[in-house]
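Below, each chain spelled out in residue letters.
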Amino acid sequence: MTNENNILLGIDLGTTFSCCAIYDVTTGKPHVVTNLEAMPTTPSAVYVQDDQHAIVGRDALNRLGSGEAKKVIICSKRLIAQDQLWSDDGKYLGTEYPVYNGMPLSPITVASLIIRKLVFENPNVMNLLNGRKPRVVVTFPAHFSPAAKARTRQAVEAAGVEVVGMIEEPIGAALAYHVDADCRNKTVLVYDFGGGTFDSTVIRYDAAEHGSVLAKMGDPLLGGADCDNAFAFFLWEKYSSQKSAKQTLTADDFKQSQIDDLATLRTVGKFRKLAQEAKHGLTTQESYEVVLDDGDVVFNVTRAEFDDCIKHLVKDTLDIVQATLSEARLEASAIEEVLLVGGSSIMPCVKTTLEQTYPAWAGKCKLTDPHQAVALGAAIWANHLANDPNGAGPVANITKFSYGVKCIRTNAEGNDEHYVNNLIFAGQKLKAVGRDRFFTHAAGQRNVAICIYVSESKEAEIGLDEANEIVNPASNLLEFENAVPKGSEIEISVALDEAGMLEVSGKSLVDNGRCRFQLHVTGTLDAKGLDAAVRQIAAGNDR
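Residues numbered from 1 in each chain as written. Predicted model: local features only at pLDDT ≥ 70, side-chain atom pairs only at ≥ 80, totals over all residues. Heavy atoms only, no water.

Colleague: Describe the packing of helix H3 (residues 107-118) against helix H5 (residues 146-158), and please don't skip the residues or the numbers.
Modeller: Put simply, H3 and H5 touch, their axes get as near as 8 Å, and they point 50° apart. Compared by their axis directions, H3 and H5 come out oblique. Between H3 and H5 lies a crossing of right-handed hand. From H3, Ile108, Ala111, Ser112 and Ile115 reach across to H5, where they touch Arg151, Gln154, Ala155, Val156 and Ala158. (Axes fitted to C-alpha atoms, helices over the stretch in contact; angles between N-to-C directions. Helix = DSSP H or I, 4+ residues; strand = E, 2+ residues; numbered from the N terminus. Parallel < 35°, antiparallel > 145°, perpendicular 65-115°, else oblique. Left-handed = near helix turned anticlockwise from the far one by under 90°. Contact = heavy atoms within 4.5 Å.)

Colleague: Hey, could you go over the pattern of salt bridges for me, with residue numbers and the actual values?
Modeller: A full pass over the atoms with the stated rule returns 31 salt bridges. With a closest N to O distance of 2.8 Å, aspartate 296 and lysine 243 form a salt bridge. Note that aspartate 296 is positioned in the loop between strand E15 (287-292) and strand E16 (297-302) and lysine 243 in helix H7 (residues 224-243), a separation of 53 residues in sequence. Here aspartate 296 falls in the exposed class, since its relative accessible area comes to 53%. The residue glutamate 286 makes a salt bridge to arginine 303 at a minimum N-O spacing of 3.3 Å. With glutamate 286 in the loop between helix H8 (262-284) and E15 and arginine 303 in helix H9 (residues 303-328), this residue pair connects regions lying 17 residues apart in the sequence. A relative accessible area of 15% means that arginine 303 is categorised as buried. Here the salt bridges do not stand alone but share partners, grouping Lys243, Lys270, Asp293 and Asp296 into one network. (Salt bridge = Lys/Arg side-chain N within 4 Å of Asp/Glu carboxyl O. Buried < 20%, exposed > 50% of the residue type's maximum accessible area, 1.4 Å probe, protein only.)

Colleague: Quick rundown of the packing of aromatic side chains? Include the residues and the values.
Modeller: This model, assessed by the stated rule, comprises 12 aromatic pairs. Aromatic side chains phenylalanine 231 and phenylalanine 306 sit 4.9 Å apart centroid to centroid with 75° between the ring planes, which places their arrangement in the edge-to-face category. Residue phenylalanine 231 is located in helix H7, and its partner phenylalanine 306 is located in helix H9; the two are separated by 75 residues in the primary sequence. Assigned by exposure class, phenylalanine 231 and phenylalanine 306 land together as buried. (Phe/Tyr/Trp six-rings, centres within 6.5 Å; stacked < 30°, edge-to-face > 60°.)

Colleague: Describe the side chain of aspartate 24, with residues and values.
Modeller: With respect to the secondary-structure elements, aspartate 24 resides in strand E2 (residues 17-24). Buried and unpaired, aspartate 24 has lysine 29 as its nearest opposite-charge partner, separated by 11 Å. Only 2.8 Å separates the side chain of aspartate 24 from the backbone nitrogen of threonine 26, close enough to count as a polar contact. (Lys, Arg positive; Asp, Glu negative; His and termini not counted. Polar contact = N/O pair within 3.5 Å; in protein donor to acceptor, adjacent residues only side chain to side chain.)

Colleague: With reference to specific residues and values, describe the sheet that holds strand E20 (residues 402-410).
Modeller: Strand order in the open sheet formed by five strands is E25-E21-E20-E24-E26, with antiparallel pairing between adjacent strands. Taken across any chain shown, the strands that pair with only one partner, and hence form the sheet edges, are strand E25 (461-462) and strand E26 (468-469). Here eight bridges tie E20 to strand E21 (residues 416-424), and the two strands are oriented antiparallel to one another. Bridge pairing links threonine 410 to aspartate 416 in E21. (Pairing = 2+ DSSP bridges.)

Colleague: Give a description of the packing of H7 against H8 that names residues and reports values.
Modeller: One can describe the packing of H7 onto H8 by two numbers: an axis separation of 8 Å at closest approach and a directional angle of 105°. By the angle between their axes, H7 is roughly perpendicular relative to H8. Contacts between H7 and H8 pair Gly224, Asp228, Asn229, Phe231, Ala232, Leu235, Trp236 and Tyr239 from the former with Thr267, Phe271, Arg272, Leu274, Ala275, Gln276, Ala278, Lys279 and Leu282 from the latter. Looking at the contact of H7 with H8 residue by residue, the class counts come to 10 nonpolar, four polar and three charged. (Nonpolar A, V, L, I, M, F, W, Y, C, P; charged D, E, K, R; others polar.)

Colleague: Quick one: what's the story with H9, residue by residue and with numbers?
Modeller: Within H9, the axis deviates most sharply at isoleucine 310, by approximately 55°. Arginine 329 occupies a position one or two residues after H9 and carries a positive phi of about 60°. (Bend = angle between axes of the 7 residues up to and from the residue.)

Colleague: So, unusual backbone geometry: which residues are in play, and what are the values?
Modeller: With an omega of 5°, the peptide bond between leucine 430 and lysine 431 qualifies as cis. Turning to its location among the elements, lysine 431 is positioned in the loop between E21 and strand E22 (432-439). Located in the positive-phi region is aspartate 294, a residue other than glycine, with phi close to 55°. Looking at the secondary structure, you find aspartate 294 in the loop between E15 and E16.

Colleague: For the pairing of strand E14 (residues 211-219), give the residues involved together with the corresponding values.
Modeller: Two elements, strand E13 (residues 198-205) and E14, share eight bridges in a ladder whose sense is antiparallel. The residue of E14 that forms the bridge with valine 202 is alanine 215. Taking the residues that link successive antiparallel strands as the turn, the E13-E14 hairpin has five residues, and the phi of glutamate 209 there is positive, at about 65°. Strand direction decides the pairing type here: E14 and strand E19 (residues 395-396), joined by two bridges, are parallel. Bridge assignment links serine 212 to a residue of E19, and that residue is alanine 396.

Colleague: Go over the nonpolar core with me, naming the residues and quoting the values.
Modeller: Membership of the largest hydrophobic core comes to 53 residues, with the highest contact counts inside it found for Tyr191, Phe231, Leu235 and Trp361. In terms of residues, this core owes the most to one element, H9, which gives 10 residues. Once residues lying within four places of it in the same chain are set aside, the contact partners of leucine 235 are Phe271, Leu274, Ala275, Val290, Phe299 and Val301. Core analysis: the next-biggest nonpolar cluster, separate from the first, contains 50 residues, Ala81, Tyr92, Leu118 and Ala499 among them. (Core = buried A, V, L, I, M, F, W, Y, C linked by side-chain atoms within 4.5 Å.)

Colleague: Give me the sheet that holds strand E12 (residues 187-193): which residues, what numbers.
Modeller: An order of E18-E17-E12-E13-E14-E19 is seen for the six strands of this open sheet, with the pairing classed as mixed. Strands with a single pairing partner mark the edges of an open sheet, and in this sheet they are strand E18 (365-367) and E19. In the packing of helix H6 (residues 169-178) onto the sheet, contacts are made with E12, E13, E14, strand E17 (337-341), E18 and E19, and the angle to E13 comes to roughly 50°.

Colleague: Before we move on, could you go through the side chain of glutamine 82 and cite the residues and values that matter?
Modeller: Position of glutamine 82 among the secondary structure elements: in the loop between helix H2 (76-81) and strand E8 (99-100). Residue glutamine 82 is classed as buried on the basis of its relative accessible area of 17%. The contact partners of glutamine 82, leaving out residues within four places of it in the chain, are Arg151 and Leu221.

Following this line, the structure appears as structure tokens:
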């Protein structure tokens, strides 16, 4: 049974698979809520049948090799992560998606459809809720930018679900591991190799088993999908050499998430699916028989061939692991356990390569519910929030980024010089608050535009070219009651919650001017866009 008065769900919104879990207060453990097909995870794939019908999950994925492959959307989470694909107000600038309820979908609304499938179209979840509005803790990769985190939150909100908390995926995995493990005075590394992303996080536990993140690194474009693509191209080459195929495909064709040419899309989709099947077979056996064209083409592939196809990708993960250890100022021998999380961590070559690269880790690499751990951890965090909404979480996180304010000063030559004054620094413990006092630059100012910049620099002052502006200053003005003299004093505060979500406030120290900003992070949906997304997804809920 669950806490009937305050039911919170944990959701892992994954690149290739998504999962929903809940905490059982009777057993003191979380468990996954299976979907309509009685499966613990749901493929993060959407098939847009027509303007008013969208199918999510296995049925959508199975259409990738069909004539309707252009209507199938996969790996939308990767596009959520790429800030350059979004306009300032959150419009998606990539290849246009199919139309649904009168508007083209975007990666945000695709993710909303996946959330809807996990919650509203799952009778197991709806029975637990018993008429109550779903409230969730949702996870995101540790390396997500502020905008990518905000877009993830907006995707859940557009599905009609209330977000009460957000945590990073490696922390979720560590929480799930902690349920049945003694973590006292232990330092662990979470190796999270998912379908589309990779995270490496070092966590140190104290004698009371409270964890603290020491360092984290990651790559939003490195995951199992890349392994599938590399192996799919290998299978295509073996097939085409036997079949003398008329089609000409390159490795780059298999790396694209959106392909315009239908013939190419169908073939790539067919071989990606075949690569996934062969990959799963090679997890437990040394060779796998590939059968194509109704048995006209048959050949064997070996685990050694698969390992060779993806060894450069595994090496990329190890480079990130080493960078994480360096950031934490630890030798590999200081890591007492390595938690292998994410579907891609199941591949035998992952554990083998880790233990060969770091002999001190021999026998310390543990597979920890690789497909479900993140959702289980989110459910644990949800239970924490249900019982102590304002209390510190069981794992203290750090911010990946520094946050600062754009400032102006006059240099010795009398020219204005722009720079960023950092108030919160990368590596600082969350929750975090930074504040400082500043002065107006010109006489007669009636307002001050608060320009927030983000970077990975730990310097107090950096140039504008070393950071990215993440808040549109036109919508973030600190207004004075009257025009004020040059050098009038103001105070600006920047705060991050436990998920690293940003809040900014400012006040005038010369009059009663004060503003708590309703931040619009650049690259996220504005209020109008979010309302449109909610209505687009709600129309599907109403049918």
